[in-house]
Amino acid sequence: MPANLTAALARALDARRDLLARLASDHTDAFRLFHGTAEGHPGLTVDRYGSIILVQSFHDPLSPAALEALEAFYAAAFPGLDLFYNDRSHANSRIANPLPPERQQQAETRREFSELGVKYWVQARHAGQDPWLFLDLRAARRRVMAEAVGKSVLNVFAYTCGVGVAAAKAGASHVVNVDFAESSLAVGKDNARLNDLPIRVRFVKSDAFAALRQLAGIGQPKMVRGKRLPPFPELAPHQFDVVFLDPPRYAKSAFGVVDLINDYPALFKPALLCTKPGGTLICCNNVAQVDRDAWAEQLTRSAAKAGRPIREMEWITPEEDFPSLDGKPPLKILLMRV
Ligand SMILES: C[S@@+](CC[C@H](N)C(=O)[O-])C[C@H]1O[C@@H](n2cnc3c(N)ncnc32)[C@H](O)[C@@H]1O
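Residues numbered from 1 in each chain as written. Predicted model: local features only at pLDDT ≥ 70, side-chain atom pairs only at ≥ 80, totals over all residues. Heavy atoms only, no water.

Where an unreviewed UniProt entry is consulted, the protein appears under the name SAM-dependent methyltransferase, with the organism given as Zoogloea oryzae.

This is the structure in structure tokens:
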């Protein structure tokens with residue numbers, strides 16, 4: 001089994017030679033080295049973030065022999081990088097393998113890496129579970145950087161604000177990031193500080209529904225069916241040139257339900273109304289079981305119903321370090337001129 005694994009890692013690295021050369025000239029030292037689902041080991045991923053190699057297992061833990069084989073392979077391929085293994089095969093994908101105290105401390109040490117000339121912070125381990133930048137979204141950040149020059153950008157479900165910071169670095173005139181997690185926005189603020197940004201980026205800690213409804217001019221009531229909603233920051237109506245929407249699969253709050261399988265339009269409609277006429281709305285859907293074309297049709301109907309028909313659409317596909325066997329990557333990114 002370790003021999004099979006080593007052969008699969010070698011094939012994956014070989015398949016990325018051209019991509020890695022291009023990324024190096026793009027000032028990018030973060031990429032997926034092994035995408036197990038499509039490269040012979042479902043549930044195993046290996047990512048490079050600058051000086052870190054981050055190995056994650058989602059279905060089963062790696063055996064000690066497999067981990068050893070993996071460490072030997074990457075020590076030879078990328079001498080000097082620090083490899084960490086996070087076993088996330090247990091409940092809620094929580095990291096379950098303890099590290100010796102000294103390694104834990106190294107895992108929690110902040111380090112910088114670079115993507116498309118934008119700097120970001122990374123830690124192999126922190127209070128949350130997911131790494132601070134999702135690498136499959138690089139294609140979208142690349143596109144936003146090309147779109148954002150001189151434009152205003154709204155980044156909703158911002159997490160660590162990768163899209164917003166990249167837009168600001170590229171020359172956006174105004175950037176607003178919205179997320180309800182203070183801890184994620186705090187990393188976003190640190191990411192912004194790490195870059196020499198020409199503008200002051202905004203960070204709004206708010207439920208996405210409350211922010212979108214207010215910015216769209218629909219308004220967010222403070223009471224619903226006689227019950228007072230949790231407090232939320234007040235925002236004046238404002239439309240943006242570019243709106244980026246990257247919700248999680250499912251999340252329920254007092255303000256609404258994020259449900260990418262059954263009700264994308266609940267988010268799409270207010271996001272559309274936050275987009276200037278003639279502007280660009282970019283929507284993501286990372287649920288594998290949602291069919292790309294059915295989803296696009298649903299958004300097309302929803303836009304027409306809202307009186308803001310989609311004039312043009314374009315798919316943004318993850319780059320070659322996220323290969324897919326059937327040409328249907330789970331992460332679907334749709335750019336719409338509205
Ligand atoms: C899929 S991640 C977004 C990834 C991000 N766009 C990026 O570039 O890496 C989902 C984010 O949505 C946030 N979130 C989930 N439900 C929310 C809600 N109702 N309002 C605001 N933020 C929410 C979470 O805190 C998390 O940061």
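On we go from here.
Chemist: Report on the nonpolar core, specifying residues and quantitative values.
Modeler: In terms of nonpolar packing, the biggest core is built from 43 residues, with Tyr-49, Leu-137, Phe-244 and Ile-333 touching the most fellow members. If you list the elements that add at least two residues to this core, you get strand 3 (52–57), strand 6 (118–122), helix 6 (138–147), helix 7 (162–170), helix 8 (182–194), strand 12 (240–245), strand 15 (275–285) and strand 17 (332–337). It is helix 7 that contributes the most residues to this core, five residues altogether. When we break this core down by domain, the ones giving at least three residues each are domain 1 (2–109) and domain 2 (135–337). Not counting the four nearest positions on each side in its chain, Leu-137 is found in contact with Val-163, Phe-244, Asp-246, Cys-284, Leu-331 and Ile-333. Residues Val-156, Phe-157, Ala-210 and Met-336 belong to the second largest nonpolar core, which totals 40 residues. (Core = buried A, V, L, I, M, F, W, Y, C linked by side-chain atoms within 4.5 Å. Buried < 20%, exposed > 50% of the residue type's maximum accessible area, 1.4 Å probe, protein only. Helix = DSSP H or I, 4+ residues; strand = E, 2+ residues; numbered from the N terminus. Domains from an automatic or database assignment. Contact = heavy atoms within 4.5 Å.)

Chemist: Tell me what's going on with the pattern of salt bridges, and back it up with residues and numbers.
Modeler: Throughout the structure, instances matching the rule amount to 21 salt bridges. Salt-bridge contacts for Asp-26 lead to Arg-142; the nearest nitrogen and oxygen are separated by 3.0 Å. Residue Asp-26 is located in the loop between helix 2 (17–25) and strand 1 (30–35), and its partner Arg-142 is located in helix 6; the two are separated by 116 residues in the primary sequence. Taking the relative accessible area as the measure of exposure, Asp-26 reaches 26% and is therefore partly exposed. The class for Arg-142 is partly exposed, based on a relative accessible area of 30%. Of the charged contacts in the structure, one is a salt bridge between Glu-115 and Arg-138, with a shortest N-O distance of 3.9 Å. (Salt bridge = Lys/Arg side-chain N within 4 Å of Asp/Glu carboxyl O.)

Chemist: So what about the UniProt feature "domain: S-adenosylmethionine-dependent methyltransferase" (unreviewed entry) in the protein? Which residues, and what values?
Modeler: Taken from the UniProt record, the annotation "domain: S-adenosylmethionine-dependent methyltransferase" (unreviewed entry) applies to residues 32–337. When the span residues 32–337 is considered, its composition is 29% helix and 28% strand, and the gap between its end C-alpha atoms is 30 Å. (UniProt positions renumbered as here; feature names shortened; annotations may be inferred.)

Chemist: Any details on the environment of Pro-64? Residues and values, ideally.
Modeler: Considering the arrangement of structural elements, one finds Pro-64 in helix 4 (residues 64–77). With 62 residues separating them in the primary sequence, Pro-64 and Pro-2 have C-alpha atoms 9.7 Å apart.

Chemist: Just give me the short version of the domain arrangement of the protein, but keep the residues and values in it.
Modeler: We note that the domain assignment places domain 1 (2–109) and domain 2 (135–337) within the protein. Computed over C-alpha atoms only, the centres of domain 1 and domain 2 are separated by 29 Å. The partner domain 2 presents 10 residues to the 16 residues of domain 1 that form the contact. Of the roughly 980 Å² buried between domain 1 and domain 2 on both sides combined, carbon and sulfur atoms contribute 61%. Its largest share of buried area at the contact with domain 2, domain 1 owes to Leu-19, Arg-32 and Ala-38, together 38% of the area lost on that side. For Glu-320, the salt bridge is made with Arg-22, and the minimal N-O distance between the two is 2.7 Å. Taken together, the links from domain 1 to domain 2 amount to five residue pairs in polar contact (both at pLDDT 80 or more). Residue contributions to the side of domain 1 that touches domain 2 peak at four residues, all from strand 1. In the side of domain 1 that touches domain 2, the residues fall into six nonpolar, three polar and seven charged. (Buried area = accessible area lost by both parts, 1.4 Å probe. Polar contact = N/O pair within 3.5 Å; in protein donor to acceptor, adjacent residues only side chain to side chain. Nonpolar A, V, L, I, M, F, W, Y, C, P; charged D, E, K, R; others polar.)

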